[in-house]
Amino acid sequence: VSSPFISFLTDFGERATAPAVCRGVMWNICPDARILDLTHAVTAFSIREGAFLLWSTIGYLPVGVHVAVVDPGVGTSRSPIVIRAERGDLLIGPDNGLLRPAAARLGGIREARLAANRALWLPETSNNFHGRDIFSPVAAHLARGVALQEVGPPLATDTLIDLELPAASVREGRLNTAVVFVDRFGNCRLAGDLPDLNGAIGPVTTGQRLAIQLAAARHEVVWSSTFGLVDPGKALLYRDGDTAGLALAVNQGSAAEQFGLALGDLVRIETV
Amino acid sequence: VSSPFISFLTDFGERATAPAVCRGVMWNICPDARILDLTHAVTAFSIREGAFLLWSTIGYLPVGVHVAVVDPGVGTSRSPIVIRAERGDLLIGPDNGLLRPAAARLGGIREARLAANRALWLPETSNNFHGRDIFSPVAAHLARGVALQEVGPPLATDTLIDLELPAASVREGRLNTAVVFVDRFGNCRLAGDLPDLNGAIGPVTTGQRLAIQLAAARHEVVWSSTFGLVDPGKALLYRDGDTAGLALAVNQGSAAEQFGLALGDLVRIETV
Amino acid sequence: VSSPFISFLTDFGERATAPAVCRGVMWNICPDARILDLTHAVTAFSIREGAFLLWSTIGYLPVGVHVAVVDPGVGTSRSPIVIRAERGDLLIGPDNGLLRPAAARLGGIREARLAANRALWLPETSNNFHGRDIFSPVAAHLARGVALQEVGPPLATDTLIDLELPAASVREGRLNTAVVFVDRFGNCRLAGDLPDLNGAIGPVTTGQRLAIQLAAARHEVVWSSTFGLVDPGKALLYRDGDTAGLALAVNQGSAAEQFGLALGDLVRIETV
């Protein structure tokens, strides 16, 4: 049997020592854990971005324990929770919506609990570093084999905060979607995937002209299977291989900048 | 029994391949080591910053071997050393003060040795990459079980370079302190902790106005348990949860910039 | 016997989740692999930079499996390949020249194969993320013990794309070389090493004045064993300890900027 697996996502920053301290805490409790840093570069306090990144990657990770900390409410009364997903994984983090899209991707929530058992926390806890003091040690205890019911009382699923990541809605002749993630190049990942787009406007082929209607303006773009077929500075809609979803980019440029787009902004895709 | 633990801190930079090369060297010698990269983003050649980061994190790490390389004197006659701390850990790095605060945090120095035994170095050594050629292989041999006396002759503790990180001094009505770390947001960690401040000016409560006297100017700040209670652009003194020490910040701004503060600068905290 | 070793180099970017997804894929297939991230900060699409970084570090890594992905041709007909080097290592990546310098450093190519066996890929593959869908799973299967002949048909070595990293050529009185890597400080690593330079212009000593002839201009520099012996803003030629090769730098400055140098630019070194 292989050693326990823990994935770890935060907004602590790639240069901070905080992620290393948390890994130290985990290895103190579960010395043989395989710890995978998913990313620590989530935009500070952006629960939606963290939720999207966890959702879009978790399907490729081994079954195991997943710790996620994007926690603007640290030090307030928001609850530390553990979710058992249908695939068998355990997700640990704040009850602010961060974990639910990933749990849904793993088949849904089988069980949720409040991580209230202080025996599984560090002996001393701070007001502002629950990643180290609560989430990491609880995760490591679970990875080591502590039973889920030990972490605290059950929570009804419908009491958990739900984030409602933007979803695509298929209408006759148009797809209503929204920006769910902006990467470091300014490429904008949109809600929905190719079947959604096909459902709205029929099959699309490389080179086909489409319109995107934004809040303030309407632009023409082309559908393309690759960046290289589009002139530099021109926009394309494409299927993003990383997440198998729709995305908007500018070849050798930033779609976010060129169109003034940010997380959550609405985009309507139509034929021209 | 769990596999050997090695932590690793340098100023090589997060984008460099140098840390990976060192991990390769360690795994060649000690294939089952659990290696934890603490950070490689220490400001280049800043021994004080490296010493602070090692000191502030090591208490959360498993007992094991700790390699730290911030080494402006590489290629000169400064010595490679190994320190056995009272907790049982082994600290390896240059004799320039980098290791001593961490050793003190682990209960003090039980024993120190010069890492002079070339049989534990790489067969070929360079003038400028002792992290790869000396510190990493010595650390890995120790992690693998080589006895400490094998690394070289003993050193008297009082001959080791001492860095003297700034310390807080409690005076009647004021705390004399100094900046010990500036993080990427410009938050300034100060020497000393809340009991020190209480000893100087009595109990403090959120919202209480205090004065900070810098070299050039005097400013009013407030004590606050959280950033959110302070207006954007306004300064606060608070207890930093990461290190359990005092810190100075500007809500949604940079205290380092606003007050012109850098590592080592003196700060006096008083009542208004 | 120690657990399998996999090194991993890409141009995915340090902040991306793509490297973590690939590690997840590898651990799903080979749960006990020791995975070493060499770097993910290779300049996007720079095969030459990736090839240089792999070449310059691989000698320090354990014998094992090495995955490298800098792949501007992803989605085209370029082939996924596996190379068995004489040292015993397996190198996996696109057939675009990325792997050959490293294979040469490990004694040369013993055998090469096309990674065509889809049973070793992920069940679903994308057009643009072969790192996740092809290279990582093939690497993990090989690390786990799958025989090399299982990955696909043999390839004749002379059919593999060769990159031809710049090499130094020794002439009477001058060394013809070129920039092979520019680091984040602007230091320029040059092709060739100290014996090459000695072969061209005889022994050099610290403080000796030399000339570098660039495409557009001629400059005087000094040979120096350390940066500290050269005034700030002044250029030096030196032996880079990381790679044991020649390099050009400006003390406390950027040689790349000061001399307008980039990857591949020719440099002639002469006596003044």
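Description of the structure in this document.

The rules we used
Residues numbered from 1 in each chain as written. Chains lettered and ligands numbered in written order. Predicted model: local features only at pLDDT ≥ 70, side-chain atom pairs only at ≥ 80, totals over all residues. Heavy atoms only, no water. Axes fitted to C-alpha atoms, helices over the stretch in contact; angles between N-to-C directions. Helix = DSSP H or I, 4+ residues; strand = E, 2+ residues; numbered from the N terminus. Left-handed = near helix turned anticlockwise from the far one by under 90°. Contact = heavy atoms within 4.5 Å. Nonpolar A, V, L, I, M, F, W, Y, C, P; charged D, E, K, R; others polar. Buried area = accessible area lost by both parts, 1.4 Å probe. Salt bridge = Lys/Arg side-chain N within 4 Å of Asp/Glu carboxyl O. Polar contact = N/O pair within 3.5 Å; in protein donor to acceptor, adjacent residues only side chain to side chain. Pairing = 2+ DSSP bridges. Buried < 20%, exposed > 50% of the residue type's maximum accessible area, 1.4 Å probe, protein only. Least-squares fit on C-alpha atoms with pLDDT ≥ 70 in both.

### Some points on the packing of helix 1 (residues 18-29) of chain A against helix 4 (residues 130-144) of chain A
When two helices pack together, their arrangement is given by the angle between their axes and by how far apart the axes lie. All names here are of chain A. For the pair helix 1 and helix 4, interaxial distance at closest approach is 8 Å and the crossing angle is 35 degrees. Regarding helix 1 and helix 4, the two cross each other, and that crossing is right-handed. Contacts between helix 1 and helix 4 pair Val 21, Cys 22, Val 25, Met 26 and Ile 29 from the former with Gly 131, Arg 132, Ser 136, Pro 137, Ala 140, His 141 and Arg 144 from the latter. Residue composition of the contact of helix 1 with helix 4, grouped by class: seven nonpolar, three polar and two charged.

### Observations regarding the interface of chain C and chain B
Contacts between chain C and chain B engage 19 residues on the former and 20 residues on the latter. Summed over both sides, the interface of chain C with chain B buries roughly 1700 Å², with 58% coming from carbon and sulfur. Contact with chain B buries surface across chain C, with Arg34(C), Tyr60(C) and Arg184(C) losing the most and accounting together for 32% of the total. Summed over the shared surface of chain C and chain B, the result is zero salt bridges. Seen at the junction of chain C and chain B, the total is seven residue pairs in polar contact (both at pLDDT 80 or more).

### Notes on the sheet that holds strand 3 (residues 65-69) of chain A
Strands belonging to one sheet form pairs held by backbone hydrogen bonds; the direction of such a pair is parallel or antiparallel. Residue and element names in this part refer to chain A. Read across the sheet, six strands follow the order 2-1-3-5-4-6 without closing on themselves; strand pairing throughout is mixed. With partners counted over all chains shown, the strands left at the sheet margins are strand 2 (34-39) and strand 6 (109-114), one partner each. Sheet twist, expressed as the mean angle between neighbouring strand axes with direction ignored, is 20 degrees. The sheet contacts of helix 1 involve strand 1 (5-10) and strand 2, and relative to strand 1 the element is tilted by about 155 degrees.

### Regarding the interface of chain A and chain C
The partner chain C presents 20 residues to the 19 residues of chain A that form the contact. Interface area, chain A with chain C, both sides summed: about 1700 Å², of which 57% is carbon and sulfur. The interface formed by chain A and chain C includes zero salt bridges. Inspection of the chain A/chain C interface yields seven residue pairs in polar contact (both at pLDDT 80 or more). Among the elements that make up the side of chain A that touches chain C, the one with the highest residue count is strand 2 of chain A (six residues). The residue inventory of the side of chain A that touches chain C, partitioned by class, reads nine nonpolar, four polar and six charged.

### Some words on the pairing of strand 5 (residues 90-94) of chain C
All names here are of chain C. The buried count for strand 5 comes to five of five residues, which makes it a mostly enclosed element. As judged from the three bridges shared by strand 3 (residues 65-69) and strand 5, these two strands associate in the parallel manner. Bridged to His 66 within strand 5 is Leu 91. Alignment of strand 4 (residues 80-85) against strand 5, held across five bridges, turns out to be antiparallel. Within the sheet, the bridge partner assigned to Arg 84 lies in strand 5 and is Leu 90.

### Here we look at the side chain of Thr17(A)
Inspection of the secondary structure puts Thr17(A) in the loop between strand 1 and helix 1. Owing to a relative accessible area of 14%, Thr17(A) belongs among the buried residues under this scheme. Beyond its immediate sequence surroundings of up to four residues, Thr17(A) is in contact with Leu38(B), Thr39(B), Leu53(B) and Thr57(B).

### Here we look at the relation of the copies chain C and chain B
Once chain C is rotated about the relating axis by 120 degrees and shifted along it by 0.0 Å, it coincides with chain B to within an RMSD of 0.0 Å. What we have between these two chains is a three-fold relation. Identified as the residue of chain C closest to the rotation axis by C-alpha distance is Glu14(C), at 4.8 Å. Taken together, the interface assignments show that only 5% of the residues at the interface of chain C recur at the interface of chain B, consistent with different surfaces on the two copies.

### Topic: the pairing of strand 3 (residues 65-69) of chain B
Residues and elements named next belong to chain B. Burial analysis of strand 3 places five of its five residues in the buried class, the great majority of the element. Neither face of strand 3 is left uncovered, since the one carrying Val 65, Val 67 and Val 69 and the one carrying His 66 and Ala 68 both have all their residues buried. In terms of strand pairing, strand 1 (residues 5-10) meets strand 3 through five bridges, oriented parallel. Residue pairing across strands places Leu 9 opposite Ala 68, the latter belonging to strand 3.

So, to be careful, I would describe these as geometric facts and stop short of saying anything about function.
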